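Spelled out from the first residue to the last, the chains are:
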Amino acid sequence: MMRLAELLGSEAAAAIWTNSQVHRLVVWRRLDPNTALDVVEKAVAEHDPAILAEPGQVWTRRPEADPGLPDVLLLTHWLGLDREHLVAEDGGRTGTGVICLADLRAYELDYWRAP
């Protein structure tokens, strides 16, 4: 299981990030805070890109995923105002391209620069 504190550099950074995601779900999806916290914790455990994906992260292809996919993706930025597509670099195989947020489920969050 991924340790958010390890990825973000400290327990404090992990708590700040978690609280911001819970707040976002409470405000935008109108979830109660306990439900929102459950959603965020489950997303962290499952490497769910719908909650986790942010520019500056490196995602590694899951062992069971299509071996034709790039091994590693560096998320560079969101495609405009669209929160469904990210621009990613794959370390040279195909260069830079656009990845649908749903397709990022074939990957696990491996490294994350602290915000």
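Just so we're clear, the structure is a prediction, and the values are computed from it rather than from any experiment.

Criteria and thresholds
Sequence order sets the numbering: in each chain, residues are counted from 1 along the sequence as written. For this predicted model, a pLDDT threshold of at least 70 governs which residues receive local features, and a threshold of 80 or more governs which side-chain atom pairs are given and counted, while totals over whole chains, interfaces and linings are taken from all residues. As a rule here, side-chain values cover all heavy atoms of the structure and leave hydrogens and water aside. Helical segments are the DSSP runs of H or I of at least four residues, strand segments are the runs of E of at least two, and each set is numbered from the N terminus. Every radius of gyration here is taken over C-alpha atoms, with the globule rule written as 2.2 Å times N^0.38, N being the number of residues. Categorising residues by exposure relies on relative accessible area from a 1.4 Å probe, with only protein chains included: less than 20% of the type maximum marks a residue as buried, more than 50% marks it as exposed, and the intermediate range marks it as partly exposed. Working rule for contacts: check all heavy atoms of both residues, and any pair within 4.5 Å makes them a contact. Note on areas: these come from Shrake-Rupley sampling with a 1.4 Å probe, and a residue is covered only by the protein chains present in the view. One side-chain nitrogen of Lys or Arg within 4 Å of one carboxyl oxygen of Asp or Glu is enough to make a salt bridge. Buried residues of nine kinds, namely Ala, Val, Leu, Ile, Met, Phe, Trp, Tyr and Cys, make up a nonpolar core once their side-chain atoms join them within 4.5 Å.

A. How the structure looks around the overall build of the chain. Within the chain, the regular secondary structure consists of 4 helices and 5 strands. Counting helices and strands in the order they occur from the N terminus, the chain gives α-α-α-α-β-β-β-β-β. For the chain, the C-alpha radius of gyration of 14 Å lies close to 13 Å, the compact-globule estimate for 115 residues. In terms of principal-axis extent, the alpha carbons of the chain reach across some 40 × 30 × 25 Å. Residues counted as buried form 37% of the 115 residues belonging to the chain. Sequence separation of 24 or more characterises 41% of the internal contacts of the chain that already satisfy a separation of 6 or more. Carbon and sulfur atoms form 55% of the exposed surface of the chain, whose accessible area is close to 6900 Å².

B. Up close: the pattern of salt bridges. Per the stated rule, a full pass over the model turns up 6 salt bridges. Residues Glu-11 and Arg-3 are paired through a salt bridge, measuring 2.7 Å at the closest nitrogen-oxygen approach. Where Arg-62 meets Glu-108, a salt bridge forms, and the shortest distance between an N and an O atom there is 3.5 Å. Here Arg-62, found in the loop between strand E1 (57–61) and strand E2 (72–79), pairs with Glu-108, found in strand E5 (residues 107–112); they are 46 residues apart in sequence, far enough to count as distant.

C. How the structure looks around the environment of Pro-70. As for its position among the elements, Pro-70 is in the loop between E1 and E2. Expressed as a C-alpha distance, the spacing of Pro-70 and Thr-60, which sit 10 residues apart in the sequence, is 8.5 Å.

D. Structural context of the nonpolar core. Trp-17, Ala-53, Trp-59, Leu-86, Leu-104 and Trp-112 are the most contacted members of the largest nonpolar core, which has 29 residues in total. Listing elements by their share of this core, those giving two or more residues are helix H1 (4–8), helix H2 (11–28), helix H3 (33–46), helix H4 (49–52), E2, strand E3 (82–89) and E5. When near neighbours in sequence (up to four residues on either side) are disregarded, Ala-53 contacts Trp-59, Leu-75, Trp-78, Leu-86, Leu-101 and Leu-104.

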